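Okay, here's what each chain looks like letter by letter:
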Amino acid sequence: MAGHSKWATTKHKKAAIDAKRGKLFAKLVKNVEVAARTGGGDPAGNPTLYDAIQKAKKNSVPADNVERARKRGAGEEAGGAEWETILYEGYGPNGVALLIECLTDNRNRAAGEVRTAMTRNGGNMGDPGSVAYLFTRKGEILLEKGELEEDDVLMAVLEAGAEEVNDLGERFEVVCEPTDLVQVRTALQESDIDYESAEAGFRASVEVTVDADGAEKVFRLIDALEDSDDVQNVYSNVDIPDDVLASVDS
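Please read these numbers as outputs of a predicted model, since none were measured by experiment.

A. Region of interest: helix α3 (residues 47-58). An ideal rise of 1.5 Å per residue puts 16 Å on 12 residues; α3 measures up with 16 Å between its terminal C-alpha atoms. For α3, every residue scored as buried is listed here: Leu49, Asp51, Ala52, Ile53, Gln54, Lys55 and Ala56. Turning to α3, the residues buried within the fold contact α2 (23-39), α4 (63-74), α7 (181-190) and β7 (197-204). Positive backbone phi, approximately 65°, marks serine 60, located one or two places after α3.

Structure, rendered in structure tokens:
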């Protein structure tokens, strides 16, 4: 599973950079609004909303922004949009598979922006189902290491349904079935282990290893896709060896 953890590490670094650019704030706020609309505005009775709020706070989104988004989604305040989730599929440079998850109030705009980013950066749109079979939906929980050992995390989560714990350097990543996500993160809380985020995402079952040139091209494409406000997440099956990742980082 080393390839998965390397990609997760890379994604996390990118997310930190995006946060500095302010892009992450808008996407996290949108997640809160959608979660409140879908499952109700009470975080205690809506685990998805609870985790969306948790992730927004951990990423320093102002509490007022989070609360307004919750109220808009719950219908307590006017101004909420009709968001819909759309999944686009395609290939990037070196045959890397991409799943592009959009959350948009304008399907035509989202499709146009995704298509433009793909064609300008060496990607190709795929038909529905063309790459989705390479990915599996999983629950993913991120937590800072601090004083924690891997065994501490394993002991807390194994009986709750966790499948694996990955060491990402400064963080641990707990992977489980999406249906076990609430149970696993509750087990962490009951063991007094704080976590950064808990959400469902896609993980690749087959990976494509790239060199430094390939990695830079893939990152350029993912950056272009994430420039769109409609794009919430980009999932990839790229595998970047440690030495290549170090050279790209530098």
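B. Just the nonpolar core, in detail. If you look at the biggest cluster of nonpolar residues, it comprises 24 residues, and the most contacted ones within it are Leu98, Ile100, Cys102, Val114, Leu225 and Ile240. Within the residue set of this core, elements represented by two or more residues are β1 (84-91), β2 (97-104), α5 (107-120), α8 (212-226), β9 (231-236) and α9 (242-249). In terms of residue count, α8 provides more of this core than any other element does, six residues in total. With sequence-adjacent residues up to four places away left out, cysteine 102 is seen in contact with Glu84, Thr85, Ile86, Tyr88, Ala110, Val114, Asp230, Val231 and Gln232. Membership of the second largest hydrophobic core comes to 18 residues, among which are Val153, Val165, Leu181 and Val184.

C. Spatial organisation of the sheet that holds β1. As summarised here, the arrangement of the four strands in space is β3-β1-β2-β9, forming an open sheet in which the pairing is antiparallel. The open sheet is flanked by β3 (124-126) and β9, the only strands paired with a single partner. Averaged over neighbouring strand pairs, the angle between their axes works out to 30° when direction is ignored. Helix-sheet contacts for α2 involve β2 and β9, and the interaxial angle to β9 is about 105°. Its contacts with the sheet put α8 on β2 and β9, and the angle it makes with β9 is roughly 160°.

D. Main features of the environment of aspartate 230. Residue position: aspartate 230 is located in the loop between α8 and β9. When the C-alpha positions of aspartate 230 and asparagine 108 are compared, they lie 11 Å apart, and in sequence the two are 122 residues distant. Dropping the residues within four chain positions of it, aspartate 230 is found in contact with Lys30, Glu101, Cys102, Leu103, Thr104, Asn106, Arg109, Ala110 and Glu113. In this structure the side chain of aspartate 230 is engaged in a polar contact, spanning 3.0 Å, whose partner is the side chain of threonine 104.

E. Looking closely at the side chain of threonine 104. Here threonine 104 lies in strand β2. Within the structure, threonine 104 has its side chain in polar contact with the backbone nitrogen of asparagine 106 (distance 2.9 Å).

F. Spatial organisation of the pairing of β9. Most of β9 sits inside the fold, with five of its six residues counted as buried. Taken together, the five bridges between β2 and β9 define a ladder with antiparallel strand orientation. Bridge assignment links isoleucine 100 to a residue of β9, and that residue is valine 234.

G. Spotlight on the packing of α2 against α4. α4 packs onto α2 with a crossing angle of 35° between their chain directions and a minimal axis gap of 7 Å. At the point where α2 passes α4, the crossing takes the right-handed sense. Counted together, Val29, Val32, Glu33, Ala36 and Arg37 of α2 and Asn65, Val66, Ala69, Arg70, Arg72, Gly73 and Ala74 of α4 form the full contact between these two elements. Considered class by class, the residues forming the contact of α2 with α4 number six nonpolar, two polar and four charged.

H. The arrangement of the confidence of the model for the chain in detail. Taken residue by residue, the chain gives an average pLDDT of 88. The fraction at 70 or more is 90%. Low confidence marks residues 1-5, where pLDDT is under 50. Its contacts with residues over four positions away, or in another chain, come to 10 contacts.

I. Representation of the environment of glutamate 164 in the model. For glutamate 164, the location among the structural elements is in strand β5 (residues 162-167). With a relative accessible area of 18%, glutamate 164 lands in the buried category. In sequence terms glutamate 164 and cysteine 176 are 12 residues apart; their C-alpha atoms lie 7.2 Å from each other. Separated by 3.1 Å, the side chains of glutamate 164 and asparagine 166 make a polar contact.

J. Structural detail: unusual backbone geometry. Of note in the backbone geometry, asparagine 94 takes a positive phi value of approximately 65° without being a glycine. Looking at the secondary structure, you find asparagine 94 in the loop between β1 and β2. Look at asparagine 94 and you get partly exposed, because its relative accessible area is 46%. The backbone of aspartate 192 sits at a positive phi, close to 60°, despite the residue not being glycine. In this structure, aspartate 192 sits in the loop between α7 and β7. The exposure class of aspartate 192 is exposed, given its relative accessible area of 73%.

The rules we used
Residues numbered from 1 in each chain as written. Predicted model: local features only at pLDDT ≥ 70, side-chain atom pairs only at ≥ 80, totals over all residues. Heavy atoms only, no water. Helix = DSSP H or I, 4+ residues; strand = E, 2+ residues; numbered from the N terminus. Expected span 1.5 Å × (residues − 1). Buried < 20%, exposed > 50% of the residue type's maximum accessible area, 1.4 Å probe, protein only. Contact = heavy atoms within 4.5 Å. Core = buried A, V, L, I, M, F, W, Y, C linked by side-chain atoms within 4.5 Å. Pairing = 2+ DSSP bridges. Axes fitted to C-alpha atoms, helices over the stretch in contact; angles between N-to-C directions. Polar contact = N/O pair within 3.5 Å; in protein donor to acceptor, adjacent residues only side chain to side chain. Left-handed = near helix turned anticlockwise from the far one by under 90°. Nonpolar A, V, L, I, M, F, W, Y, C, P; charged D, E, K, R; others polar. pLDDT = per-residue confidence, 0-100.

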